[in-house]
Amino acid sequence: MDISCYLEWDYIDTKEEAEDIETKELSQNQFIYPLNRAKNKTVSKEHLKCLTELRSKYKK
């Protein structure tokens, strides 16, 4: 992950503004956010299923 993961962030004043930005970016399909499942159309269903299972195991 250290080699192939790129992190970037901005400071946003409100949660609503952050959600608006996220929704806009996800709807444009310019970027891939493989760990963000909500409203994410860029990641395959197989990947989402695997991620859901891993998160479920982690919570236990």
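A quick note: this is a predicted structure, and the numbers were derived from the prediction, not measured. Position labels on residues start from 1 in each chain and follow its written sequence. In keeping with the predicted nature of the model, local features appear solely for residues at pLDDT of at least 70, side-chain atom pairs appear and are counted solely at 80 or more, and the whole-chain, interface and lining totals rest on all residues. In computing side-chain properties, one takes all heavy atoms of the structure into account and sets aside hydrogens as well as water.

Attention now moves to the overall build of the protein. Secondary structure follows DSSP: runs of H or I at least 4 residues long count as helices, runs of E at least 2 residues long count as strands, and numbering of each begins at the N terminus. Assigned secondary structure in the protein consists of two helices and zero strands. Accessible area is worked out with a 1.4 Å probe on protein chains only. A residue is then buried under 20% of its type maximum, exposed over 50%, and partly exposed in between. Within the protein, the fraction of its 60 residues that count as buried is 10%. Only the protein chains shown count as cover for residues, with accessible areas throughout obtained via the Shrake-Rupley method and a probe of 1.4 Å. Counting every atom, the protein has about 6,000 Å² of accessible surface; 55% of that belongs to carbon and sulfur.

Now for the environment of S27. Position of S27 among the secondary structure elements: in helix α1 (residues 15-28). The sequence separation of S27 and T42 amounts to 15 residues, and the corresponding C-alpha distance is 8.9 Å. Any N or O atom pair separated by 3.5 Å or less is treated as a polar contact, with the protein-specific requirement of one donor-capable and one acceptor-capable atom, and with residues adjacent in sequence counted only for side-chain atom pairs. A polar contact of 2.9 Å, which involves the side chain of S27, links it to the backbone oxygen of K24.

Where nonpolar side chains cluster on the molecular surface, the patch consists of L7, W9 and Y11 and spans about 510 Å² of accessible area. Tracing the sequence through the fold places Y11 in the segment before α1. Taking relative accessible area as the criterion, Y11 reaches 78% and is therefore assigned exposed. The patch calculation keeps residues exceeding 30% relative accessible area without a salt bridge and links them within 9 Å when they carry like charges or within 5 Å when they are nonpolar (Val, Leu, Ile, Met, Phe, Trp, Tyr). Counted as salt bridges are all cases of a side-chain nitrogen of Lys or Arg within 4 Å of a carboxyl oxygen of Asp or Glu.

The next point concerns α1. The terminal C-alpha atoms of α1, which comprises 14 residues, lie 20 Å apart, in line with the 20 Å expected from a rise of 1.5 Å per residue. One or two residues past the end of α1 sits N29, with phi positive at roughly 55 degrees. Take the number of residues in a helix, subtract one, and multiply by 1.5 Å to get its expected span.

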